[in-house]
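Read off the chains here:
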Amino acid sequence: MENKVTEFFKQKGFDLEAVFTGEDTSTVAKAAAVLGVEDGMIAKSLAFRLKDGTPIVLVVCGTGRIDNHKFKEQFHCKASMLSFEDTLAVTGHPVGGVCPFALPDGVGVYLDKSLKKYEVVYPAAGTQDSAVRVEVARFEEYTGGTWVDVCKEEAPAAPAE
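Residues numbered from 1 in each chain as written. Predicted model: local features only at pLDDT ≥ 70, side-chain atom pairs only at ≥ 80, totals over all residues. Heavy atoms only, no water.

1. Quick notes on the overall build of the protein
Next, step 1: Scanning the protein for helices and strands turns up 5 helices and 8 strands.
Next, step 2: Of the regular secondary structure in the protein, the N- to C-terminal order runs α-β-α-β-β-α-α-β-β-β-β-α-β.
Next, step 3: The C-alpha atoms of the protein give a radius of gyration of 15 Å, which matches the 15 Å a tight globule of 161 residues would have.
Next, step 4: Each principal axis of the C-alpha atoms in the protein carries an extent, and together these give about 45 × 45 × 30 Å.
Next, step 5: A burial count over the protein gives 48% of its 161 residues as buried.
Next, step 6: Within the protein, contacts between residues at least 6 apart in sequence are counted, and of these 61% link residues at least 24 apart.
Next, step 7: In the protein, 17 side chains carry a positive charge and 24 a negative one; their mean positions are 6 Å apart. (Helix = DSSP H or I, 4+ residues; strand = E, 2+ residues; numbered from the N terminus. Rg over C-alpha atoms; globule rule 2.2 N^0.38 Å. Buried < 20%, exposed > 50% of the residue type's maximum accessible area, 1.4 Å probe, protein only. Contact = heavy atoms within 4.5 Å. Lys, Arg positive; Asp, Glu negative; His and termini not counted. Charge placed at Lys NZ, Arg CZ, Asp CG, Glu CD.)

2. A look at the layout of surface pockets
Next, step 1: Estimated volume of the largest pocket: approximately 390 Å³.
Next, step 2: In this structure, the largest pocket is lined by 25 residues; those nearest its centre are Ser26, Lys44, Ser45, Leu46 and Gly96.
Next, step 3: Every element with two or more residues in the lining of the largest pocket is listed here: α2 (28-35), β2 (42-49), α4 (84-91), β5 (120-123) and β6 (130-132).
Next, step 4: Sorting elements by how many residues they give to the lining of the largest pocket places β2 first, with 6 residues.
Next, step 5: Across the lining of the largest pocket, the residue classes tally to 16 nonpolar, 8 polar and 1 charged. (1 Å grid on protein atoms, 1.4 Å probe; cavity = no way out; pocket = protein on both sides within 12 Å on 5 of 7 lines; lining within 4 Å. Points joined across faces, edges and corners; volume = space filled by probe spheres on them. Nonpolar A, V, L, I, M, F, W, Y, C, P; charged D, E, K, R; others polar.)

3. Quick notes on unusual backbone geometry
Next, step 1: A positive phi angle, near 60°, is found at His76, a position not held by glycine.
Next, step 2: Its location among the elements puts His76 in the loop between α3 (68-75) and α4.
Next, step 3: Despite not being glycine, Ala102 has its phi angle at roughly 55°, a positive value.
Next, step 4: Examined against the element boundaries, Ala102 turns out to sit in the loop between α4 and β4 (108-112).
Next, step 5: Residue Ala102 is classed as buried on the basis of its relative accessible area, which comes to 17%.

Below you can see the structure in the form of structure tokens.
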């Protein structure tokens, strides 16, 4: 199936292949279940607008949560997510299908270090039933993104008794 993300991969010569599951992958839990991977391996793409009006897509691991203090230190403003309607208008992708690929000019891409826990992650590919397997080591190359640290530290798992 062709869409603007698969076309983007071809134009750039990237060896990435979008998978269209035919099933709802619009949330971390749904995507992880459909793909048979752990929640953290789903790369959530969140759309924000910075204080100066610049739109960004911030990609975090599926279990990642934004740390407001870290976000403000990094971007010099409060975290302000785009509405559903604005997300589609600004990124060209619907909520549940937002990804760091094939974005309009002027949309910045940032990759949170929470992704580095994994060798491979699965962001959406522009639709609510798609994903693409991406090696984290090459994520910056594929997206032109900048690595940041804006997620809360995850608490270590409690030891089993």
